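Each chain is listed here by its residues.
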Amino acid sequence: MTGRRARAIVSLALAAATLAGPLAPPAFAAILRRAQALVDRAVVQRGEPVVVSVTVESDGFEAASVEPPAAPGLAIERAGTSQNLTMAAGSVVRTDVALFRVYATVPGKYTIPPFTIRLGKQRSDTAPVSFEVVTTLPPGSGAAGGGPDAGEDDRSTIFARIVVDRRHVIWNEQIVARIQILSRAPLEDMPAWDAPEATGFWAEPLGEPRHDRVTIEGRAFERYERVIAYFPTRPGRLTLGPARARVRAIRRHQPSYDPLGGLFPSPPTEVVELPIEAAPVDIAVDPLPSGAPAGFQGAVGSLSLAVRVDRPRVRAGEPVVVSTAIRGDGNLASATDPVITAHPDAPSYPAGARTELDRSGDRLRGSRRREIAFIPDQPGSLLVMPIAFAWFDPEAGRYRVQSSDTIVVRVDAPKEGSAPSAGTAQTALGTPAPPRPAPAAGGGAAAGAARPGARLDGWPEALPLAAGLLSLAGYAGFGLAASSRRRAAGDPRRRRHALLREAADALAEVAAAPGAARAAERAEAALRDAAGIRFGIDPEGRSRRDLLDRLRAAKVEPAEIETIQSTLRRLEQAAFAPGGDAGVVAAIQEALTVARRWSDECRI
């Protein structure tokens, strides 16, 4: 009886499981959520693979299959897979990652077609991905010798190279350069890089130095890499590099057959420090095309403009802050902020400005913000007029202009009891100013003559005594002023103020009669002199990098150094940007504003 009861229970359980199958909760059903393909690098050297990672996310336990496409001119091989299961709130999320190596033997730009994803009866495709293959493997230098493979040429054991993502660009377009050291054996530590020679470029390092492993023409290499973004500051044929570094390589000694070697054995390895150099790379830089729109000041990149007003309604006498933000990929430090105007005219003042650069990725990105505060003094409406920003988009090959709409700010009457306008004649205590004494009737000399014992209407009786005391104070004041002038002549701050005022006058003279490159060059020299006077350094004969290093060593505020850096860059670029003398004048006016501010800071 017991056996029959047990068999019945098992039969019922199996039947229940069979019936429950179609009713299983959706948390364990296989549902394809997302599929994405990514390449590890956008540009590779010929012979190097680009690694494509295909990530598939799904609900359930079932694994997805990834099928590579057929791509003429490309060899695609599977490199590995990985899986991950996550259970939360009664659901199962599965992530499958498939890796593929893709090779191309001919330099050029390639597009990998979509990968096909299959999960049960479901099918999906990833988006296509692109990459570029450039040049051939260059010869290296600085061989370490004694590599892991006997008989190898030393130059293939360790070498350096500069790999750029593009060799033909527009003025001020971003170039990403990878300065690489490749070694057949691991180095003792990260190489010590010197700053690459880059005359005619503005440089911004990206991220931290990197270390990974690559396969080039069938051989495994340790790759040590430093990434730098360069922006050409003038058109023509420029040279990037050479790049130099010092490496600490591990040198292996061959076994010694000297019969005395057993008595005095040498270590099997030793660490040697070697200089290494990467060959320079030529870059062709085209000037910006004609047809620049009004307001263009040299911004180049993939950019956008955002405009914001801090509040839509204020009272008369209260500030309203209008902010602009330029964001995107490019040299934002060289971009010029758009002009902000309001109607009707209202008093305004700068409320803040900052540039934030993101150097963590493979390209330089960031944002540039500027804020202007307007103070409307009459009830009604304040119109923030359309704000336009123009830039050149190198990917699209054309100029772009983005403009905001007119923004209306409602201005209400001031609160009762608030401070009156500046036109109202009041004393500091808020009471009406006392009227002036009326002149004596009759006029003429006789009317104003004072008789003995007579009083002067409206004036105190002690006026003669006060006049005498004032005379004595005047003589004392003259003496003190002369002494003060003598002391001030030797005051360092007053001296700096005078010299800075002379530098500002020189900049104003240059701005009045510009001559493109020559005017920008003279303005840059004047600004350098002004910086030397203001911060007590010697700028004579120093490169821009040395000048900035001296400013940092002098503990100058980072925001001030960034202002100097940006202004010097604008002066250099002004000679080549579209706009001719107008662009030069704008850059010189920027330098003039900085010099005058320094002069005011040293005023006594």
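Right above here is the structure, for reference.
Below you will find a few notes about this structure. Just so it is clear, the model here is predicted, and its values are computed rather than measured.

1. Regarding the packing of aromatic side chains
So, point 1. The tally for this structure, following the rule as stated, stands at eight aromatic pairs.
So, point 2. Seen from their ring centres, Phe201 and Tyr230 are 5.9 Å apart, and the 75° between their planes marks the pair as edge-to-face. Residue Phe201 is located in strand E15 (residues 201–216), and its partner Tyr230 is located in strand E16 (residues 219–232); the two are separated by 29 residues in the primary sequence. You'll find Phe201 and Tyr230 in the same group, each marked buried.
So, point 3. On the basis of an interplanar angle of 70° and a centroid distance of 5.1 Å, the ring pair of Phe392 and Tyr399 is categorised as edge-to-face. Note on accessibility: Phe392 and Tyr399 belong to one class, buried.
So, point 4. Three or more aromatic residues link up through ring pairs in this structure, and these residues are Phe296, Phe392 and Tyr399.

2. Some points on the pattern of salt bridges
Opposite charge on two side chains lets them pair, provided their charged atoms get close.
So, point 1. Counted by the stated rule, this structure contains 34 salt bridges.
So, point 2. A salt bridge links Arg178 to Asp362, with the shortest nitrogen-to-oxygen separation between them at 3.6 Å. Of this pair, Arg178 sits in strand E13 (residues 175–183) while Asp362 sits in the loop between strand E25 (348–358) and strand E26 (365–374), and the two are 184 residues apart along the sequence.
So, point 3. Given a relative accessible area of 33%, Asp362 falls into the partly exposed group.
So, point 4. In this structure, Arg248 engages Asp189 in a salt bridge whose closest nitrogen and oxygen atoms are separated by 3.7 Å. Placement of Arg248 in strand E18 (residues 243–252) and of Asp189 in the loop between E13 and strand E14 (192–193) is noted, with a sequence separation of 59 residues between them.
So, point 5. Residue classification places Arg248 among the partly exposed positions, given a relative accessible area of 33%.
So, point 6. Residue Asp189 is classed as partly exposed on the basis of its relative accessible area of 36%.
So, point 7. Each of Asp165, Arg166, Glu173, Asp329, Arg363 and Glu395 takes part in salt bridges that share partners, so that together they form one network.

3. What to know about the sheet that holds strand E11 (residues 158–164)
So, point 1. Sheet architecture is open: four strands sit in the order E11-E13-E16-E15, paired in antiparallel fashion. Two strands lie at the open edges of the sheet, namely E11 and E15, each paired on one side alone. Between one strand and the next, the sheet's axes are offset by a mean angle of 20°, whatever the strand orientation.
So, point 2. Strand direction decides the pairing type here: E13 and E16, joined by nine bridges, are antiparallel. Within E16, the residue paired with Val176 across the bridge is Ala229.

4. Thoughts on the sheet that holds strand E22 (residues 313–315)
So, point 1. On the basis of which strands lie adjacent, the open sheet formed by four strands has the order E22-E30-E27-E24 and mixed pairing. The open sheet has two edge strands with one neighbour each: E22 and strand E24 (342–343).
So, point 2. Sheet topology places E22 next to strand E30 (residues 407–412); three bridges connect them, and they run parallel. Paired with Arg313 across the strands is Arg410, a residue of E30.

5. Describing the nonpolar core
A general trend in soluble globular proteins is that nonpolar side chains are found buried together.
So, point 1. Counting 36 residues, the largest nonpolar core has Ile162, Val164, Ile181, Tyr230, Ile283 and Leu288 as its most contacted members.
So, point 2. For Ile181, the contacting residues outside a window of four places in its chain are Ile158, Phe159, Ala160, Leu187, Pro191, Trp193, Glu222, Arg223, Tyr224, Ala245, Val247 and Ile276.
So, point 3. Of all hydrophobic cores here, the second largest spans 30 residues; its members include Leu507, Leu571, Ala591 and Trp598.

6. What to know about the pairing of E15
So, point 1. Here E15 pairs with E16 via 13 bridges, running antiparallel. Note that in E16 the partner of Arg213 across the bridge is Glu222.
So, point 2. The hairpin turn running from E15 into E16, its antiparallel successor, is two residues long, and Glu217 in that turn takes a positive phi close to 50°.

7. Brief notes about the environment of Thr157
So, point 1. Locating Thr157 in the fold gives a position in the loop between strand E10 (129–134) and E11.
So, point 2. Exposure remark for Thr157: the relative accessible area of 5% places this residue in the buried category.
So, point 3. Separated by 28 residues in sequence, Thr157 and Ala185 place their C-alpha atoms 7.7 Å apart.

8. Section: unusual backbone geometry
So, point 1. Residue Pro242 follows Gly241 across a cis peptide bond; omega there is 5°.
So, point 2. Summarising the element assignment, Pro242 is placed in the loop between strand E17 (236–240) and E18.
So, point 3. If you check the backbone angles, Asn172 has positive phi at about 70° while not being a glycine.
So, point 4. Of note, Asn172 is situated in the loop between strand E12 (168–170) and E13.

9. Remarks on the environment of Arg166
So, point 1. For Arg166, the location among the structural elements is in the loop between E11 and E12.
So, point 2. For the pair Arg166 and Ala177, spaced 11 residues apart in sequence, the C-alpha to C-alpha distance is 8.7 Å.
So, point 3. A distance of 3.3 Å separates a polar atom in the side chain of Arg166 from a polar atom in the side chain of Glu395.

Calculation criteria
- Residues numbered from 1 in each chain as written.
- Predicted model: local features only at pLDDT ≥ 70, side-chain atom pairs only at ≥ 80, totals over all residues.
- Heavy atoms only, no water.
- Phe/Tyr/Trp six-rings, centres within 6.5 Å; stacked < 30°, edge-to-face > 60°.
- Helix = DSSP H or I, 4+ residues; strand = E, 2+ residues; numbered from the N terminus.
- Buried < 20%, exposed > 50% of the residue type's maximum accessible area, 1.4 Å probe, protein only.
- Salt bridge = Lys/Arg side-chain N within 4 Å of Asp/Glu carboxyl O.
- Pairing = 2+ DSSP bridges.
- Axes fitted to C-alpha atoms, helices over the stretch in contact; angles between N-to-C directions.
- Core = buried A, V, L, I, M, F, W, Y, C linked by side-chain atoms within 4.5 Å.
- Contact = heavy atoms within 4.5 Å.
- Polar contact = N/O pair within 3.5 Å; in protein donor to acceptor, adjacent residues only side chain to side chain.

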